[in-house]
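One-letter residues, chain by chain:
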Amino acid sequence: MEKSTSIRNYRDILIKFQSLLALVILCFVLAMMTDIFFTSSNMLNVMRQISVNICISVGMTLVILTGGIDLSVGSILALSGALTAGFLKFGLELPFFDTFIGFTIFGAVLIGILSGTALGTFNGLAITVFRVPPFVATLAMLTIARGFTMLYTKGFPISGLGQNYAFIGTGWLLGIPVPVWIALTVVAIAFFVTNKTRLGRYIYAIGGNESAAQLSGINIRKIKTIVYAIAGGLAALGGIIVTSRLDSAQPNAGASYELDAIAAVVIGGTSLSGGKGTIGGTVLGAIIIGVLNNGLVLLNVSPFWQQVIKGFVILLAIIIDKSNTRK
Amino acid sequence: MLIAKDISKNFSGVRALESVNMEIHLGQVTALIGENGAGKSTLMKILSGVYPDYDGEIIFNGKRLGFSNPSEAQHEGIAIIHQELSLIPQLSIAENIFLGREITYRFGTLNKKLMWRRAKELLDRLKLDLDPNTPVYTLKVGQQQIVEIAKALLTDAEIIIMDEPTSAISDQEVDILFEIVKNLRNQNKGVVYISHKLDELIRIADRFVVLRDGKTIESGLIKGMNKDNIIQKMVGRNIQLLTPPEVSGQEEKILEVKNLSYTPKGGTKSGMLKHISFNLYKGEILGIFGLMGTGRTELLESLFGLHPGTSEGEIHINGTAAAFQHPSDAIQAGLALVPEDRKKDGLVLGLDVRTNISLTVLDKLENFGTINHKKETRLAGKYIGELGIKTSSQKQLVMNLSGGNQQKIVISKWLATHPKILLLDEPTRGIDVNAKNEIYKLITQLAKEGLGIIMVSSELPEILAVSNRVLVMAEGELTAEIPISEANEEVIMQAAIPKSKQASN
């Protein structure tokens, strides 16, 4: 038994090492083939680009760890981003009361995050109370939230949000872009939650064996609802970063972002059936996707081919992962 | 004739079968007899290709066989009808019978007419008067079993293995089934019949094989055998009979159940509870015996708050009425449930030993919202030591441990909650004899320390060895309460056999 454990550990390390190795090789190849890739400005550029995906992917990791899925994050990102931009720019008019409420950046951001969290909670309740399968519940939310975004923006971007707001998406702090700081904070908190708290432990237990978790006295409904709420909140945070960077809330922002997030989680080694995976793996997965995107652009690969290549990379990652875990 | 020679099989270090020998003669019914955990199912799964790796050989009509999956075994003429039926409920009888063996026209479209006709012939042969287009979910369990048999006949099986075929069917259905078995015998099929119901075996079988602790104990003709001989051979040594502990605290009632009733979803008869009332005293081990589907598990689940809203009746704990909405309420009130299926309901197999043990008490291991890993390690270490859990480390994944050690982990996670009432559902299912004895000692020890213990079991020797008092359930009702001094297998079995059966005898 001792022996098999050490083999398992060794293999685990190898698996982790494998994705890292793939990343290193990828970087090396790109550094050789392009002049720009290995410059600090490009590196920071890549980091800034992936910071939104990291925020979303972290939430997605928690959801997938419980054995669920969240397809609505892209739409939630758009709606929360639009609400933040709208409240910031136009405030809230209440004609009946003949009042107008203006919002500071902080207030508008808070509204955005809260709206995303609320939509996520709605997902969670649909899944736990009404027993709608996660795939279906969040698919419904994908179109509901997108529809509300269109209604709220009337189909037009909300632009001109001001210099101060732009700091969130384009600013720098200690030589590092602000979005990267945000992503790092999210990752640090998620790392702490998954490794050190009861919530984290319960997430793994539910994904590993829901029935045993329930019998152990864990409130499955509560934990799952919290997880979907977090995923919604983090999608909203992504929306705020995106609107700030573009200085504009686009009604079709975030379309198919859920796929990039799922890809990052899966490449990071998290099992789609739940119970197994890490935040660190997801971050690595997101970086691999980001570097790949960046590299393909630098190499002037056509955007159409980029999609094809990305798809095959995802397949390859899963096939390698499966062949490693097979006994 | 099929000969299984020197068959051995291990499951992650636990020996399930050791040089087992068995002969299955065509044109005869062979009864495979043994207690739960004796290795009957394992042996049958080897013969039918479910477990491809084992030691030993299988020789069928002089030819040495090796299967890597069940369909290869089927191809050689060996079919198994599992205890848990493997039909697809949404499909019709005919679709189920022909699943994977569909008859098609030349261009690949299904020849439904021909399949319907062939299915009808099979059903007629088995005296099941149903349209083959009937969806399977509308059938009774006994009828589904006959569909399974039809499926086996379609493959021209020469050996048909039936694993506990009568555990869930009515008496008339049993009679029909026996007719079918006799017919199969007359058609020169070899039938293996696994059952705990010894009367049935004596009625139907020609030969017998007794397994005990994974070894062949005896085989021969059933003629001249009676229930007592067979029981003797089955039980043999075996459990070192612990003297049931003195009942210390008969005066202190810690649990009172009044008129507990429960109807499972869909209103199925199996698992229903009807007006159950009983008491549990401090320091007592209350054994509850019942055949499959009598509501044993549902009783424990209802006590543990798993059926809020659907179960009725009163539960008093230490004199105060309780209405649990969720297992967490039950845990709060001092209850703990070691479930019947530890892999499905007891453990998170992909997590390690420590995490599984601490799962029930994480809230008590927290400092400022963070799990205190030191406390957690100490807690896990304590139970690993006290219960003698054999694991290479606390970080070992639970899935790599033997059944006995896994069960000790389930018990540990519940002892960690310091329960006052411990509910055990089949606490020694599927674990080896040594681990069994350890668990019996542990249960006895816990009772001495003042826990009230309810132990549900379908193993009579276990009930007799450990309980202070025995309750018997049949068809969702309590049919007997027997003090241990008056309990024996006969008395308990009498009460456990459904009334309808007694009336028809």
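Basis of the calculations
- Residues numbered from 1 in each chain as written.
- Chains lettered and ligands numbered in written order.
- Predicted model: local features only at pLDDT ≥ 70, side-chain atom pairs only at ≥ 80, totals over all residues.
- Heavy atoms only, no water.
- Helix = DSSP H or I, 4+ residues; strand = E, 2+ residues; numbered from the N terminus.
- Rg over C-alpha atoms; globule rule 2.2 N^0.38 Å.
- Buried < 20%, exposed > 50% of the residue type's maximum accessible area, 1.4 Å probe, protein only.
- Areas by Shrake-Rupley, 256 points an atom, 1.4 Å probe, with all protein chains shown as cover.
- Lys, Arg positive; Asp, Glu negative; His and termini not counted.
- Charge placed at Lys NZ, Arg CZ, Asp CG, Glu CD.
- Salt bridge = Lys/Arg side-chain N within 4 Å of Asp/Glu carboxyl O.
- Phe/Tyr/Trp six-rings, centres within 6.5 Å; stacked < 30°, edge-to-face > 60°.
- Lys NZ or Arg CZ within 6 Å of the ring centre and 35° of its normal.
- Core = buried A, V, L, I, M, F, W, Y, C linked by side-chain atoms within 4.5 Å.
- Domains from an automatic or database assignment.
- Contact = heavy atoms within 4.5 Å.
- UniProt positions renumbered as here; feature names shortened; annotations may be inferred.
- pLDDT = per-residue confidence, 0-100.
- Pairing = 2+ DSSP bridges.
- Axes fitted to C-alpha atoms, helices over the stretch in contact; angles between N-to-C directions.
- Left-handed = near helix turned anticlockwise from the far one by under 90°.
- Nonpolar A, V, L, I, M, F, W, Y, C, P; charged D, E, K, R; others polar.
- Buried area = accessible area lost by both parts, 1.4 Å probe.
- Polar contact = N/O pair within 3.5 Å; in protein donor to acceptor, adjacent residues only side chain to side chain.

*Asks:* Lay out the overall build of chain B with the relevant residues and their values.
*Replies:* Along its length, chain B carries 18 helices and 22 strands. Against the globule reference of 23 Å for 505 residues, chain B gives a C-alpha radius of gyration of 24 Å, in line with a compact fold. Taking the principal axes of the C-alpha coordinates as reference, chain B spans close to 70 × 55 × 50 Å. Across the 505 residues that make up chain B, the buried fraction comes to 55%. Total accessible area on chain B stands at roughly 21,900 Å², and carbon and sulfur atoms take up 49% of it. Each charge sign in chain B was given a centre, from 58 positive and 62 negative side chains, and these centres are 3 Å apart.

*Asks:* Could you give an account of the pattern of salt bridges, with specific residues and numbers?
*Replies:* Residue and element names in this part refer to chain A. Taken as a whole and judged by the stated rule, the model has 17 salt bridges over all chains. The partner of Glu-210 in a salt bridge is Lys-224, with the nearest N and O atoms 3.1 Å apart. One end of the pair, Glu-210, is in helix 9 (residues 210–215); the other, Lys-224, is in helix 10 (residues 220–246), with 14 residues separating them in the sequence. With a relative accessible area of 36%, Glu-210 lands in the partly exposed category. Since its relative accessible area comes to 14%, Lys-224 is described here as buried.

*Asks:* Let's hear about the packing of aromatic side chains: which residues, and what values?
*Replies:* Residue and element names in this part refer to chain B. Taken as a whole, this structure holds three aromatic pairs over all chains when the rule is applied. Judged by centre distance (6.0 Å) and plane angle (80°), the ring pair of Phe-178 and Tyr-193 falls under edge-to-face. Of this pair, Phe-178 sits in helix 6 (residues 171–186) while Tyr-193 sits in strand 8 (residues 190–194), placing them 15 residues apart in sequence. As far as the burial class goes, Phe-178 and Tyr-193 line up, both buried. With 5.7 Å between their ring centres and 85° between their planes, Phe-304 and Trp-414 make a pair best called edge-to-face. Taken together, the residues Phe-304 in the loop between helix 9 (296–303) and strand 14 (311–317) and Trp-414 in helix 14 (residues 403–415) connect sequence positions 110 residues apart. On the basis of relative accessibility, which here comes to 0%, the residue Phe-304 falls in the buried class. Here the guanidinium or amino end of Lys-9 rests over the ring plane of Tyr-51, the centre of that ring lying 5.0 Å away.

*Asks:* Any chance you could break down the nonpolar core for me, citing the residues and the numbers?
*Replies:* By size, the foremost hydrophobic cluster in this structure holds 152 residues, and its most contacted members are Leu-255, Phe-278, Leu-303 and Ile-454 of chain B. No other element matches helix 2 (residues 40–65) of chain A, which puts twelve residues into this core. Here this core spans two domains, and each of domain 2 (250–334 + 419–497) and domain 3 (343–418) of chain B adds at least three residues to it. Apart from the residues lying within four places of it in its own chain, the contact partners of Leu-303 of chain B are Leu-255, Val-257, Leu-260, Phe-278, Ile-315, Phe-324, Ala-330, Leu-335, Leu-423 and Ile-454 of chain B. Among the nonpolar cores identified, the runner-up in size contains 49 residues, and Ile-33, Met-115, Ala-152 and Ile-180 of chain B belong to it.

*Asks:* Residue-level account of the UniProt feature "transmembrane region" (unreviewed entry) in chain A, with values.
*Replies:* All names here are of chain A. UniProt records the feature "transmembrane region" (unreviewed entry) for residues 20–38, 100–122, 134–152, 172–193, 225–243 and 279–298 in the present numbering. Regarding residues 100–122, the helix share stands at 78% and the strand share at 9%, and the terminal C-alpha atoms are separated by 29 Å. As annotated, residues 279–298 comprises 100% helix and 0% strand, and the C-alpha atoms at either end are separated by 28 Å.

*Asks:* Give me the confidence of the model for chain A: which residues, what numbers.
*Replies:* In the predicted model, chain A carries a mean pLDDT of 89, and 94% of its residues have values of at least 70. Note on residues 1–5 of chain A: pLDDT under 50 across the span, and six contacts to partners over four residues away in sequence or across chains.

*Asks:* Lay out the confidence of the model for chain B with the relevant residues and their values.
*Replies:* Looking at chain B, the pLDDT average stands at 85 and 91% of residues meet or exceed 70. Note on residues 500–505 of chain B: pLDDT under 50 across the span, and seven contacts to partners over four residues away in sequence or across chains.

*Asks:* Quick one: what's the story with the sheet that holds strand 3 (residues 29–33) of chain B, residue by residue and with numbers?
*Replies:* Strands pair in a sheet through their backbones, by hydrogen bonds, and they do so in one of two ways: parallel or antiparallel. Residue and element names in this part refer to chain B. If you trace the six strands from one edge of the open sheet to the other, you get 6-7-8-3-9-10, paired in mixed fashion. Here the strands that pair on one side only, and so sit at the sheet edges, are strand 6 (78–81) and strand 10 (215–221). On average, each strand axis in the sheet is tilted by 15° relative to the strand beside it, whichever way the strands run. Bridge count for strand 3 against strand 9 (residues 207–212) is four bridges, and the pairing is parallel. The partner of Thr-30 across the bridge, within strand 9, is Arg-207. Each of strand 3, strand 6, strand 7 (159–163), strand 8 and strand 9 touches helix 1 (residues 40–47); the most contacted strand, strand 3, lies at about 135° to it.

*Asks:* Account for the packing of helix 6 (residues 163–170) of chain A against helix 10 of chain A, naming residues and giving values.
*Replies:* Residue and element names in this part refer to chain A. Relative to each other, helix 6 and helix 10 sit at 115°, their axes nearing to 7 Å. When the axes of helix 6 and helix 10 are compared, the crossing they make is left-handed. Contact with helix 6, carried on its side by Tyr-165, Ala-166, Phe-167, Ile-168, Gly-169 and Thr-170, involves Ile-240, Ile-241, Thr-243, Ser-244 and Arg-245 of helix 10 and no other residues of that element. Class assignment for the residues of the contact of helix 6 with helix 10 results in six nonpolar, four polar and one charged.

*Asks:* Talk me through the interface of chain B and chain A; I want residue IDs and the actual numbers.
*Replies:* How big an interface is tends to be reported as the loss of accessible area on association of its parts. Contact residues are listed per partner, giving 35 residues for chain B and 24 residues for chain A. Of the roughly 2,300 Å² buried between chain B and chain A, counting both surfaces, carbon and sulfur atoms make up 56%. Counting the contacts that link chain B with chain A gives two salt bridges. As a salt-bridge pair, Glu-376 of chain B and Arg-201 of chain A come within 2.5 Å of each other at their nearest N and O atoms. Across the chain B-chain A interface, the total number found is nine residue pairs in polar contact (both at pLDDT 80 or more).

*Asks:* Now, about the domain arrangement of chain B: what can you tell me, with residues and values included?
*Replies:* What the domain assignment reports for chain B is domain 1 (2–235), domain 2 (250–334 + 419–497) and domain 3 (343–418). In this structure, domain 1 of chain B and domain 2 of chain B have C-alpha centres spaced 32 Å apart.

*Asks:* How would you sum up the pairing of strand 22 (residues 477–483) of chain B? Please name residues and give values.
*Replies:* Regular strands place their side chains on alternate faces of the sheet. Residues and elements named next belong to chain B. With six bridges connecting them, strand 21 (residues 469–474) and strand 22 associate as antiparallel partners. Within strand 22, the position partnered with Ala-474 by the bridge is Glu-477. Counting the residues between successive antiparallel strands, the hairpin from strand 21 to strand 22 contains two residues, one of them, Glu-475, with a positive phi of roughly 45°.

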